[in-house]
Amino acid sequence: FYARQRSDGSICPAIHLATGQDAFAPYDPDGAGPGILAWSEWHYYRTSGDESRLAQVFWPLLAHHRWMRAHRTWPNGLYWATGQSSGMDNQERVPDGRHHHRHWSWVDASVQGALDCHVLWQMAELLGERDYVPELVQERGQLIHQINARLWQDETAFYHDVDADGRHGPVKSIGAYWALLDPELVPTDRLGPFLRHLREPASFRRLHRVPALAADADGYDPAGGRWRGGVWPATNYVLLRGLRAAGQPQLAHDLAVNHVENVCQVFRRTDTFWDHYAPDAVSPGEPALPDAVGCTGLTPITVLFEDVMGLHVDWPQRRVLWDRRLASDAAYGVRQYPLGHNGSLDLWGDRERITATTTTPFTLTVVADAARLQVAVPAGTTEIALA
């Protein structure tokens, strides 16, 4: 994708495998995907510690962000999208908005714009490219102000898309929860009411959590219906990372356990992973695509490791966090978990004792039963008593 970046900075979100050509013409309203490239690269860096890659990708990412700012925003700075470009093609958020912005400000696109600024700012600081920081800081501050002034609705305690006259759309979309990934976007007094929707059965707390569309929205499909109610592993993963960033690890754990258990039950019955799942039944979504490991592989791998077992690596800091929340007396953990490029970790234990075997030293923080323990772990095997 970077290699095919156009001279104006834009990056097409889809490339034909057979020809290697862009799937969308320049300036096609559908031809700019969600602004998640920089966030994905930053997450990879924090997991791998590969600073050399940041030095390579920062420039195309900055150029693409500038193109998005120039061509996908309104005068107030808020971003627009289409149903297709948002990735949620059939979600009935904006009237006739599948292939047109309809002059609305789109909540997920605007929040992703602010997140993009925040991540690029961190990259610029790390790489010593501070001349680019002021423009990113300024845009992010403007977006945070506009998102909270225009997209937040007190009556629903939620962030909504807004039309050209400032009227809020009625739909509560999981796309609004991208806001949790930016640590300064959701004001403290709004965080509790915003998260309450995740705990309410009439909204997002369904049998299989979390549907892409709230259950009290017009057009909600209890069988999934793709983005009209389907549970998508990719958006669930974004939500889980946002909840942890917002200081809600227990809620993230509860949602992850529910999601993994439902996906595993369907896998046992159908012998495959589906691209999305029904929110009100233990079933694939209707209609759903099988063999969707590209998306749903997140569930039995990343969501299992990070949010069910609670393992998080910040390798630039040489830190590993094990947030143990499973209600089990049995021992559990990981074998041959990668640390950086060449390191490996075995981490195993129960409520009383943990054994860490590693090829490279790091600092381990264990959270268990409301207790917090920090240990410097050298290369080799270390026994750690918890009780």
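Description of the structure in this document. Quick caveat: nothing in here was measured; it's all calculated off a predicted structure.

What to know about the overall build of the protein
Inference 1: Helices and strands together make up the secondary structure of the protein, namely ten helices and ten strands.
Inference 2: Relative to the 2.2 N^0.38 estimate, which gives 21 Å for 387 residues, the radius of gyration of the protein is 21 Å and therefore close to what a compact globule would have.
Inference 3: With 387 residues in all, the protein has 52% of them scored as buried.
Inference 4: At a minimum sequence separation of 6, the contacts of the protein that also span at least 24 residues come to 54%.
Inference 5: Approximately 17,200 Å² of the protein is accessible, and the part contributed by carbon and sulfur atoms is 51%.
Inference 6: If the 35 positive side-chain charges of the protein are averaged to one point and the 46 negative ones to another, these points end up 2 Å apart.

Digging into the pairing of strand 4 (residues 319-324)
Inference 1: When strand 3 (residues 311-314) meets strand 4, the two strands line up antiparallel, connected through four bridges. By the bridge assignment for strand 4, histidine 312 is matched with leucine 321.
Inference 2: From the end of strand 3 to the start of strand 4, which pair antiparallel, there are four residues, and arginine 318 there has a positive phi angle of about 55°.
Inference 3: In this sheet, strand 8 (residues 362-368) lies alongside strand 4 in parallel orientation, the contact comprising six bridges. Residue pairing in the sheet places aspartate 323 in a bridge with valine 367 of strand 8.

Thoughts on the packing of aromatic side chains
Inference 1: Enumeration over the complete set of coordinates arrives at 19 aromatic pairs.
Inference 2: Here phenylalanine 158 and phenylalanine 204 contribute two aromatic rings whose centre-to-centre distance is 6.1 Å and whose plane-to-plane angle is 25°, an arrangement assigned as stacked. Here phenylalanine 158 is found in strand 2 (residues 158-159), whereas its partner phenylalanine 204 is found in the loop between helix 6 (188-196) and helix 7 (233-245), with 46 residues between them in sequence.
Inference 3: With a relative accessible area of 0%, phenylalanine 158 lands in the buried category.
Inference 4: Classification of phenylalanine 204 as buried rests on a relative accessible area of 0%.
Inference 5: Members of the aromatic cluster, connected to one another through ring pairs, are Trp152, Phe158, Tyr159, Tyr177, Phe194 and Phe204.
Inference 6: Sitting over the face of the ring of tryptophan 322, arginine 324 holds its NZ or CZ atom 4.5 Å from the ring centroid.

Some details on the sheet that holds strand 9 (residues 371-377)
Inference 1: Here we have four strands laid out as an open sheet, ordered 3-4-8-9, and mixed in their pairing. Of all the strands in the sheet, just strand 3 and strand 9 have a single pairing partner and so form its edges. The sheet shows a mean angle of 15° between the axes of neighbouring strands, taken without regard to direction.
Inference 2: Both strand 8 and strand 9 contribute to a ladder of seven bridges, which runs antiparallel. Across the sheet, residue valine 367 finds its bridge partner in strand 9, namely arginine 372.

Criteria and cut-off values
- Residues numbered from 1 in each chain as written.
- Predicted model: local features only at pLDDT ≥ 70, side-chain atom pairs only at ≥ 80, totals over all residues.
- Heavy atoms only, no water.
- Helix = DSSP H or I, 4+ residues; strand = E, 2+ residues; numbered from the N terminus.
- Rg over C-alpha atoms; globule rule 2.2 N^0.38 Å.
- Buried < 20%, exposed > 50% of the residue type's maximum accessible area, 1.4 Å probe, protein only.
- Contact = heavy atoms within 4.5 Å.
- Areas by Shrake-Rupley, 256 points an atom, 1.4 Å probe, with all protein chains shown as cover.
- Lys, Arg positive; Asp, Glu negative; His and termini not counted.
- Charge placed at Lys NZ, Arg CZ, Asp CG, Glu CD.
- Pairing = 2+ DSSP bridges.
- Phe/Tyr/Trp six-rings, centres within 6.5 Å; stacked < 30°, edge-to-face > 60°.
- Lys NZ or Arg CZ within 6 Å of the ring centre and 35° of its normal.
- Axes fitted to C-alpha atoms, helices over the stretch in contact; angles between N-to-C directions.

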